[in-house]
Amino acid sequence: MAVTTTPMLTALQVMQDAPVIPVIVLNDVAHAVPMARALVAGGIRMLEVTLRTPQALACMEAIAKEVPGAVVGAGTVRSPADAAAAAKAGAQFAVSPGYTRAVGQACRDHGLSLLPGVATGSDIMMAQEDGYTELKFFPAMQAGGPAMLKAWSGPFFDVKFCPTGGVTPANALDFLSLTNVACVGGSWLVPADALAQGDWRRLESMAREASHLSR
Ligand code: 3PG
């Protein structure tokens, strides 16, 4: 049986490092390091690389080894096997689109702090039962947007959220101004065309803008 490993950083530290956690989809390992360097140069260090492509784990490994200023996280963690593979590749935190007790346990076993995905009050209560108080609200816009978070701030006064899904530069402040929002997640910071063009300056300047969004 795996031994529970203490994460190197807490979920709250992951959420409080910058106003935005980029949700990253990488199809080419060659993009990983220059992309991470650009985001870090722009002030975004917590990088959620999603387990949605065959290259994702190799990308995490490259960033973890070669970009000391970056903190690699794994997104789209849906199973204990995903958590194990992400930890092996150097991830320090995990983000999941939903929550299961098995995924929570695997993350604890492998020393990954976890932002579990929730979309309903029952989801929140399940995650809280297992000790989670920092949660990803997903898919944020589709599941009720800022109004939903405002409603949750009553009964779930002790929870902080990272809304993700449909968050854009245009609506990010609507979320970030809420007292129960610590940061937002979004894919807009790493557009596929910027990756394809190797436009690292664009990524850096978008990261800089995002890192200055006020909370
Ligand atoms: C995710 O994949 O976690 C979110 O769907 C990202 O959503 P976005 O592409 O709307 O930012």
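Report on the accompanying structure. All figures in this text were calculated on a predicted structure; none of them were measured in a lab.

### Let's talk about helix 5 (residues 101-109)
- Taken together, the buried positions of helix 5 are occupied by V103, G104, A106, C107 and D109.
- Summarising the contacts, the buried residues of helix 5 are in contact with helix 4 (80-88), strand 4 (93-95) and strand 5 (113-115).

### Focus on the packing of aromatic side chains
- Summed over all chains, the structure comprises three aromatic pairs.
- Both rings, one in Y99 and one in Y132, keep their centres 5.5 Å apart while their planes meet at 65°; by these two values the pair is edge-to-face. In this pair, Y99 is assigned in the loop between strand 4 and helix 5 and Y132 in the loop between helix 6 (121-129) and strand 7 (134-137), connecting sequence segments 33 residues apart.
- A relative accessible area of 14% places Y99 in the buried class.

### Description of the site of the ligand
- Taken together, V23, R52, K136, F138, T164, G165, G166, G186 and S187 are the residues near the ligand.
- Here R52 contributes a side-chain N or O atom positioned 2.5 Å from an oxygen atom of the ligand.
- The class makeup of the residues in the shell around the ligand is two nonpolar, five polar and two charged.

### Here's the deal with unusual backbone geometry
- Following F138, the chain continues to P139 via a peptide bond in cis, the omega torsion being -10°.
- Structurally, P139 can be placed in the loop between strand 7 and helix 7 (145-152).
- Phi at T76 is positive, roughly 60°, even though this residue is not glycine.
- Relative to the assigned elements, T76 resides in the loop between strand 3 (71-75) and helix 4.
- The exposure class assigned to T76 is buried, which follows from its relative accessible area of 12%.

### Some points on the pairing of strand 7
- Of the two faces of strand 7, the one lined by E134 and K136 and the one lined by L135 and F137 are each fully buried.
- Between strand 6 (residues 117-118) and its parallel partner strand 7, the chain crosses via helix 6, and the hand of that crossover is right-handed.
- As judged from the four bridges shared by strand 7 and strand 8 (residues 160-163), these two strands associate in the parallel manner. Following the sheet pairing, F137 is matched in strand 8 by P163.

### Points about the pairing of strand 3
- Buried residues dominate strand 3, accounting for five of its five residues.
- Note: strand 2 (residues 46-50) against strand 3, five bridges, orientation parallel. Across the sheet, T50 pairs through a bridge with G75, a residue of strand 3.
- Viewed along the sheet, the connection from strand 2 through helix 3 (residues 56-66) into strand 3 turns out right-handed.
- For strand 3 and strand 4, the ladder comprises two bridges, and the chain directions are parallel. Bridge assignment links G73 to a residue of strand 4, and that residue is F93.
- Handedness of the strand 3-helix 4-strand 4 crossover: right-handed.

Definitions and cut-offs
Residues numbered from 1 in each chain as written. Predicted model: local features only at pLDDT ≥ 70, side-chain atom pairs only at ≥ 80, totals over all residues. Heavy atoms only, no water. Buried < 20%, exposed > 50% of the residue type's maximum accessible area, 1.4 Å probe, protein only. Helix = DSSP H or I, 4+ residues; strand = E, 2+ residues; numbered from the N terminus. Contact = heavy atoms within 4.5 Å. Phe/Tyr/Trp six-rings, centres within 6.5 Å; stacked < 30°, edge-to-face > 60°. Near = heavy atom within 4 Å. Polar contact = N/O pair within 3.5 Å; in protein donor to acceptor, adjacent residues only side chain to side chain. Nonpolar A, V, L, I, M, F, W, Y, C, P; charged D, E, K, R; others polar. Right-handed = clockwise from strand over helix to strand, strands pointing away. Pairing = 2+ DSSP bridges.

Shape is all these values report; function is a separate question.
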